Amino acid sequence: MSKVSMTVNGKAVSGDVKGNTLLVEFLREDLRLTGTHVGCDTSQCGACTIHVNGKSAKACTMFAAEADGADITTVEGMANADGSLSVIQQAFQDHHGLQCGFCTPGMVMTAAALLKENPKPTEAEVRHYLEGNICRCTGYHNIVKAIMAASGQDVSAIAAE
Amino acid sequence: MYNFDVVRPTSVDEALSALSQEDAQALGGGQTLIPTLKQRLAMPTTLVSLSGIDSMKGVSVDGGVITVGGATPHAVVAGEVADAFPALAHLAGNIGDPAVRNRGTIGGSLANNDPSACYPSAALATGATIVTNAREIAADDYFQGMFTTALDEGEIITSVKLPVPEKAAYIKFEQPASRFSLVGIFLAKYADGVRVAVTGASNNGVFRWAEAEAALSADFSVAAVEGLSAPSGDDMISDLHGSGDYRAHLVKALTKKAVAQAS
Amino acid sequence: MPKDQGIGASTKRREDVRFLTGTGNYTDDINLHGQLYVHFLRSDVAHGKINSVDTSAASAMDGVVRIFTGADFEGIGGLPCGWQVTDRHGEPMKEPAHPVLAQGKVRHVGDPIAAVVAESVQAARDAAEAIEVDIEELPAAVDMKEAVKDGAPLVHDDIGTNLCYDWGFVEENKAATDEAFANAAHVTTLELKNNRLVANPMEPRVAVGDYNRANDESTLYTTSQNPHVIRLLMGAFVLGIPEHKLRVVAPDVGGGFGTKIFHYAEEAFCTFAARQLARPVKWTSTRSEAFMSDAHGRDHVTKIELALDADNNFTALRTETYANMGAYLSTFAPSVPTWLHGTLMAGNYKTPLIYVNVKAVFTNTVPVDAYRGAGRPEATFQIERVIDKAARELNVDPIALRRQNFITEFPYATPVAVEYDTGDYNATMNTLEEIADLSGFAARRAESEKRGMLRGLGVNCYIEACGIAPSNLVGQLGARAGLYESATVRVNATGGITVMTGSHSHGQGHETAFPQVISEMIGIPEEMVEIKHGDTANTPMGMGTYGSRSLAVGGSAMVRAAEKVINKAKKIAAHLLEAAEADIELKDGTFSVAGTDKSVAWGDVTLAAYVPHNYPLEDIEPGLEETAFYDPSNFTYPSGAYCCEVEVDPDTGKVTIESFAAADDFGNIVNPMIVSGQVHGGIAQGIGQALLENCAYDENGQLLSASYMDYAMPRASDVPFYQVDHSNGTPCTHNPLGVKGCGEAGAIGTPPAVINAIVDALRSGGHDHVYHIDMPASPSRVWAAMQK
């Protein structure tokens, strides 16, 4: 066991972890932040995507020990300070960018990382950026649309219903 | 996963010392190693994370050579060499996915030498120098078959030096599930000749397609490749996603695309 | 101006808020005090005789609480099959035992041999590695046609054959069908495969068993589409726990797509072990484990023949299908290639004679059961591919050939025993031609060709039977369950409503759409209605969500219960208004007396029901809560026409979906936004099946596509924006909402459109010998097709 300390969603936290404790296990089990999901074991589905020092990372493919001293943001930290949905979260609701909700936390975190790097992405850029996030419900249509809408682009021309 | 410790040295010397322990193993970005550990296919006692060693991070361009620190994530390479070496930026910017690119490193990729990884093709096609804590290894000597390299036990890739070509292109044809290369072609044209490195295709890992190099060195054109026979499919990977013959066909088809793109 | 409330409004989903903020409650988020963890030791061979399982060393390891093997389940029921098919000769299907943990033999890679219960996941897994298993590997039955030959390895020795059943439908039509073929002007024959798929909901399966010694009650938290079905099957057939002592909870469930319908060994195990150990026992599947333990889908090998007369009218259709059951019969497996497949073989066409033969085969592979569409995608793929081939052989326009043979009058009784109530196949085809811009295709093809690419266009139709199902009918067909649905509408004193439904939402948006219906009926805001589902402790016996049935059957039950509530409320209102009940009208949440200005608000009536001071107590009871069970009188028949445009790179064989359009008839629509979303998801799964997804075994029964490294899931960059339309709704005639169901359509209608388009593209490039490509049309397969 070794002690790790990090900032999670703006709050300083610490805990004792084993070497093989994954960051996602620390978040879900020790901190009870169960919004970060585990959908695969080969680092492909992206349901566990979080931000580490402002950059997206897969919490299932990183040890908690590697996050010692890091600034972590999870989906629980994405809403506005008053608890209302952030622009990205609101766009996902407005455009029906989620169904079962399981991949959604990862999608929100990846979308946030994308818009930080590229504030007005094209459709192709959004699709490419989602390469590491698998959704089985939506066929991606409304996810791509929601992310483009969250970037302030007019999505009314994209087939709706 | 089995039990192991994770240590995070901040210097190469500390890392080497930690790696000298029995069954210690280096941990780069972990994007391949951690899934392997989850399958219990490796049993280290200690993982030595290289992510805390600042001297192994970063990209510099100097006199036509790009030097990439061994612990530099793909995303950083993609951003830093976009102007100086666009084909390399394109390669780095299409490994895995954005989250993988923020963690995975060039040193980790080259040390693992997965037969379908992207970076080995860039290193081999550019005639890169693999710099370790102990020595410098020419790419032509470094790759020794799939998952096999010239690295000794406990040896760390501290940086990679890649000569910038006059023209270059990387064409990755993705295996549809893993999104690794089914076949990837790195083409690099230098004043003294053309090098063509192929990843994803061969049972022996990344290799140079000598016939194409000769033809393109004489005549840098799509027609020059068109005139060649595809390499033999006999020694190529044959799996669910494509036969050896299909991969061999792709080697030629993608090399043509690479030449067209680089021209 | 679109509506903003009630039926027809695209109300934003209320459930999204918890999912977007990470506050959903999925089964793996549940951790109980004192919880133990189970790891299943699974077979790594496809077929083998278990000589011994020695757990002694493993049992002594740190953290191990107890190790269970097949011996612990002797005398305990096996996993039951919920549907019995009768074969061509009137004999029941072969129904081998399906033990919770393997007994005597292992029959597929992933078959559980032992279960280690320990204080941590890691301790359980460590101990599992220390179990000494002596298995004598046996030759495996993998290929279906080989498996039914004499001398093939037997998956189940005791039944003496790998043939589960040989089903003929309609057997009485066989001779006439054969005769029509003998007299046909043209016969088109096609051999094809419907590739094996893994459903892959993004949430892997999880089960947490709990036991309360104080009252002898068991609780199972599980990732299920139908908690009541699990309670019944597990309680009655496996563990012998009466339903009143067994609670099954399926909280937020991260997608199902069919594979979370079935009762699985792991659920039974966790419930059983929790009772044995008097501590909660949790199992969380890894994705790798899911590939070898979740029921797979599809896996049919078919020869289909279409007979046409000299005027290109379809005169007969004949098929022979081998359907893979895998190593055991999963819960509803036998129904999929039979009643969910054979009954749809008329498609949208007035083919007068149809004969379907299905041979269901046991193999040493993971059990195969319903996956989104279940039988109907297999039927649609065959029909629409063979029509496409016929059009090419006859050199006629594939759309015109379809239109010529469309059923146009309803109701229409097919020769395969179902009666379509409504539909307008020309209308959806007309819409498709418009939204897919068919007239612009030639120009788009020319533009692609300029870039050296081959462009193809594929069109097809589909019909499906949803709203499953009339209980008396399915009972005759072998179902061992009723397929009604239930709802309780509980009106609270202050007027708010809680609806307890037996349907289950795992992405479909019930919590938003169901209130729209109540809101419409009563005229109160949707926000005043809350939906509860997924817990057998507080919902009436329901059959759950699959077969696009939630709104058509569950919604109908809710309507019936709400009607009872409204009728009672009108009695109360009549009393309060001192008027005749017959004169009371309910509109916009207000009861009024017809022809007067006398009225009373909804909330005043509901309050009176619970504070019955001024109340007709002599006539009616206090309270306002009603339950209804709805059993449909027929299936519903959604239909549509789909169009796909692809580009094929002739150098590599890579196919790119350039556009995709879907025109569907779902009858009436409650929430258009949700309906579109359902279609989008189905299309992506259909594209996945057609281009990417391939669950493959080698000849020894080893699973080749055992993780996302080899099983290609569709990603955002594999698909385009879709054009979807559902404006041509012909309301269902037999349920109160006139709805048909939309959940599976995309997965049913999409694969043939994609393959038709690829064949079209290749033929445009001079590859005239190409009539078919098996799914998934991977680059290597497409390239190989071009080399012949």
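Just so it is clear, the model here is predicted, and its values are computed rather than measured.

Quick notes on the rules
- Along each chain, residue indices are assigned from 1 in the same order as the chain's sequence is written.
- All chains are assigned letters beginning with A, and all ligands numbers beginning with 1, in the order in which they are written.
- For this predicted model, a pLDDT threshold of at least 70 governs which residues receive local features, and a threshold of 80 or more governs which side-chain atom pairs are given and counted, while totals over whole chains, interfaces and linings are taken from all residues.
- The side-chain figures draw on all heavy atoms in the structure; neither hydrogens nor water molecules are used.
- Only DSSP runs of H or I reaching four residues or more are called helices, and only runs of E reaching two or more are called strands; each is numbered from the N terminus.
- Our radius of gyration looks at C-alpha atoms and nothing else; its globule reference is 2.2 Å times the residue count to the power 0.38.
- Only protein chains enter the calculation, and the probe is 1.4 Å; a residue is then buried if its accessible area is under 20% of its type maximum, exposed if over 50%, and partly exposed in between.
- Pairs of residues are marked as contacts when any of their non-hydrogen atoms sit within 4.5 Å.
- Here the open area of atoms and residues is found with the Shrake-Rupley method and a 1.4 Å probe, where only the protein chains shown may cover a residue.
- Any two strands between which DSSP finds at least two bridges are classified as paired.
- Confidence of the predictor at the level of single residues is captured by pLDDT, which takes values from 0 to 100.
- The angle between two axes is taken between their N-to-C directions and runs from 0 to 180 degrees, where each axis is a line fitted to C-alpha atoms and a helix contributes only its stretch in contact.
- In this analysis, rings of Phe, Tyr and Trp, with Trp reduced to its six-membered ring, are considered paired at centre separations within 6.5 Å, and the interplanar angle assigns stacked below 30 degrees, edge-to-face beyond 60, and tilted for intermediate values.
- Either the NZ atom of lysine or the CZ atom of arginine qualifies as a charge over a ring when it sits within 6 Å of the ring centre and within 35 degrees of the ring normal.
- Distance thresholds for patches are 9 Å for like charges and 5 Å for nonpolar side chains (Val, Leu, Ile, Met, Phe, Trp, Tyr), applied to residues having over 30% relative accessible area and no salt bridge.
- A pairing counts as a salt bridge when a side-chain nitrogen of Lys or Arg comes within 4 Å of a carboxyl oxygen of Asp or Glu.
- Domain ranges listed in this record stem from an automatic or a database domain assignment.
- We define buried area as the total accessible area lost by two parts upon association, computed with a 1.4 Å probe and summed across both.
- Two N or O atoms form a polar contact when they lie within 3.5 Å of each other; inside protein one atom must be a possible hydrogen donor and the other a possible acceptor, and for residues adjacent in sequence the pair counts only when both atoms belong to side chains.
- Gly falls in the polar group here, along with every residue not listed as nonpolar (Ala, Val, Leu, Ile, Met, Phe, Trp, Tyr, Cys, Pro) or charged (Asp, Glu, Lys, Arg).
- Charge counting follows a simple rule: Lys and Arg are positive, Asp and Glu are negative, and His as well as the terminal groups are ignored.
- A single reference atom marks each charge: NZ on Lys, CZ on Arg, CG on Asp, CD on Glu.

Any chance you could break down the overall build of chain B for me, citing the residues and the numbers?
Counting its regular elements, chain B contains 11 helices and 12 strands. In terms of overall size, chain B behaves like a compact globule, its C-alpha atoms giving a radius of gyration of 18 Å where 263 residues would be expected to give roughly 18 Å. Projected onto its principal axes, the C-alpha positions of chain B cover 55 × 45 × 30 Å. A burial count over chain B gives 61% of its 263 residues as buried. Sequence separation of 24 or more characterises 58% of the internal contacts of chain B that already satisfy a separation of 6 or more. For chain B, the accessible surface area stands at approximately 9,600 Å², while carbon and sulfur atoms represent 47% of it.

Please set out the pairing of strand E2 (residues 48-54) of chain C residue by residue, giving values where relevant.
The two faces of a sheet get side chains in turn, since along a regular strand they alternate between them. Residues and elements named next belong to chain C. Sheet topology places E2 next to strand E4 (residues 105-106); two bridges connect them, and they run antiparallel. Along E4, the bridge assignment pairs lysine 49 with lysine 105. Relative to strand E6 (residues 132-137), E2 runs antiparallel, the two sharing six bridges. Each bridged residue has a counterpart across the sheet, and for isoleucine 50 the counterpart in E6 is isoleucine 135.

Run through the environment of Ile407(C), naming residues and quoting values.
Note on placement: Ile407(C) falls in the loop between helix H10 (398-405) and strand E18 (412-413). The contact partners of Ile407(C), leaving out residues within four places of it in the chain, are Gly347(C), Asn348(C), Tyr349(C), Lys350(C), Tyr412(C), Tyr420(C) and Tyr425(C).

Please provide a residue-by-residue account of the confidence of the model for chain C, values included.
This prediction gives chain C a mean pLDDT of 97; 100% of its residues lie at or above 70. Overall fold confidence for the complex sits at a pTM of 0.98, while the interface term, ipTM, reaches 0.98.

Account for the sheet that holds strand E4 (residues 55-58) of chain A, with residues named and values stated.
All names here are of chain A. Taken together, five strands build an open sheet; the order of strands is E2-E1-E5-E3-E4 and the sheet is mixed. Strands with a single pairing partner mark the edges of an open sheet, and in this sheet they are strand E2 (11-17) and E4. Adjacent strand axes in the sheet meet at a mean angle of 40 degrees, parallel and antiparallel pairs treated alike. Pairing between strand E1 (residues 2-8) and E2: seven bridges, direction antiparallel. Its bridge partner being in E2, methionine 6 is matched across the sheet by valine 13.

I'd like to hear about the packing of aromatic side chains, residue by residue, with values.
Counting across every chain of the model gives 29 aromatic pairs over all chains. The interplanar angle of 70 degrees and the centroid separation of 6.0 Å between the aromatic rings of Phe68(C) and Phe272(C) together place this pair among those described as edge-to-face. Of this pair, Phe68(C) sits in strand E3 (residues 64-69) while Phe272(C) sits in helix H7 (residues 265-277), placing them 204 residues apart in sequence. The pair Phe68(C) / Phe272(C) is uniform in exposure class, with both members buried. Each member of the aromatic cluster is reached from another via a ring pair, and the members are Phe40(C), Phe68(C), Phe73(C), Phe269(C), Phe272(C) and Trp283(C). The aromatic ring of Tyr2(B) is capped on one face by Arg40(B), whose charged end is 4.4 Å from the ring centroid. Directly above the ring of Tyr771(C) sits Arg763(C), whose terminal nitrogen or CZ lies 4.5 Å from the centroid.

Give me a nonpolar patch on the surface: which residues, what numbers.
Taken together, the side chains of Leu607(C), Tyr610(C) and Val611(C) make up a nonpolar region of the molecular surface, amounting to roughly 230 Å² of accessible area. Mapped onto the elements of the fold, Leu607(C) is located in helix H16 (residues 602-610).

Please set out the domain arrangement of chain B residue by residue, giving values where relevant.
When its domains are assigned, chain B resolves into domain 1 (5-49), domain 2 (56-163) and domain 3 (167-262). Each of domain 1 of chain B and domain 3 of chain B was reduced to a C-alpha centroid, and the two centroids are 34 Å apart.

Account for the sheet that holds strand E24 (residues 584-587) of chain C, with residues named and values stated.
All names here are of chain C. Spatially, the three strands line up as an open sheet ordered E24-E25-E26, and their pairing is antiparallel. Only two strands of the sheet have a single neighbouring strand rather than two, namely E24 and strand E26 (599-601). Each neighbouring strand pair of the sheet contributes to a mean axis angle of 20 degrees, computed without reference to strand direction. Where E24 and strand E25 (residues 590-593) come together, four bridges link them in antiparallel fashion. Along E25, the bridge assignment pairs leucine 586 with phenylalanine 591. Along the sheet, H16 contacts E25 and E26; its crossing angle with E26, the most-contacted strand, is approximately 75 degrees.

Tell me what's going on with the interface of chain C and chain A, and back it up with residues and numbers.
Each partner contributes to the interface: chain C provides 59 residues, whereas chain A provides 52 residues. Counting each side, the surface lost to burial between chain C and chain A is near 4,500 Å², with a carbon and sulfur contribution of 57%. If you sort the residues of chain C by the area they bury against chain A, Leu20(C), Met202(C) and Phe721(C) come out on top, with a joint share of 19%. Viewed at the interface, chain A and chain C are joined by four salt bridges. With a closest N to O distance of 2.7 Å, Arg28(A) and Asp29(C) form a salt bridge. Linking chain C with chain A are 30 residue pairs in polar contact (both at pLDDT 80 or more), by the criterion used here. Elements with a minimum of two residues in the side of chain C that touches chain A: helix H1 (16-20), helix H8 (287-293), helix H17 (672-692) and strand E30 (722-725) of chain C. For the side of chain C that touches chain A, the leading source of residues is H17(C), giving 10 residues. Here the residues of the side of chain C that touches chain A sort into 27 nonpolar, 22 polar and 10 charged.

Please give an account of unusual backbone geometry that cites residues and values.
Residue and element names in this part refer to chain C. Residue valine 170 is bonded to the preceding phenylalanine 169 through a cis peptide linkage, with omega at -5 degrees. Within the element layout of this structure, valine 170 appears in the loop between strand E7 (163-169) and helix H5 (174-182). At the junction of phenylalanine 410 and proline 411, the peptide bond is cis and its omega measures out at -5 degrees in the coordinates. Counting through the fold element by element, proline 411 comes out in the loop between H10 and E18. Not every positive phi belongs to a glycine, and aspartate 299 is a case in point at roughly 70 degrees.

Mind laying out the domain arrangement of chain C, listing which residues take part and the relevant values?
Residues and elements named next belong to chain C. Annotation of chain C at the domain level lists domain 1 (31-138 + 205-284), domain 2 (141-194 + 296-406), domain 3 (437-460 + 639-788) and domain 4 (484-630). One C-alpha centre belongs to domain 1, the other to domain 3; they are set 37 Å apart. The interface of domain 1 with domain 3 comprises five residues on the first partner and four residues on the second. The junction of domain 1 with domain 3 conceals about 340 Å² of combined surface from both sides, 43% of it contributed by carbon and sulfur atoms. Of all residues in domain 1, Ala46, Val109 and Phe257 give up the largest surface area on contact with domain 3, accounting jointly for 74% of the area buried on that side. The interface formed by domain 1 and domain 3 contains zero salt bridges. Remark: the boundary between domain 1 and domain 3 carries one residue pair in polar contact (both at pLDDT 80 or more). Residue composition of the side of domain 1 that touches domain 3, grouped by class: four nonpolar, no polar and one charged.

Lay out a positive patch on the surface in plain terms, naming residues and giving numbers.
Residues and elements named next belong to chain C. Together, Lys145, Lys193, Lys303 and Arg781 make up a region of like positive charge exposed at the surface. Structurally, lysine 193 is set in strand E8 (residues 186-194). For lysine 193, a relative accessible area of 44% puts it in the partly exposed group.

Describe the pattern of salt bridges, with residues and values.
Using the criterion set out here, one finds 71 salt bridges over all chains in the structure. In this structure, Arg135(B) and Glu155(B) form a salt bridge, with 2.8 Å as the shortest nitrogen-oxygen distance. With Arg135(B) in the loop between strand E6 (129-132) and strand E7 (136-138) and Glu155(B) in the loop between helix H8 (139-142) and strand E8 (157-163), the pair connects residues that are 20 residues apart, well separated along the chain. Residues Arg247(B) and Asp239(B) are paired through a salt bridge, measuring 3.0 Å at the closest nitrogen-oxygen approach. Its relative accessible area of 3% is what places Arg247(B) among the buried residues. Among the ionic contacts, a cluster of salt bridges with common partners joins Glu384(C), Arg385(C), Asp388(C), Arg392(C), Arg402(C), Arg445(C) and Asp760(C).

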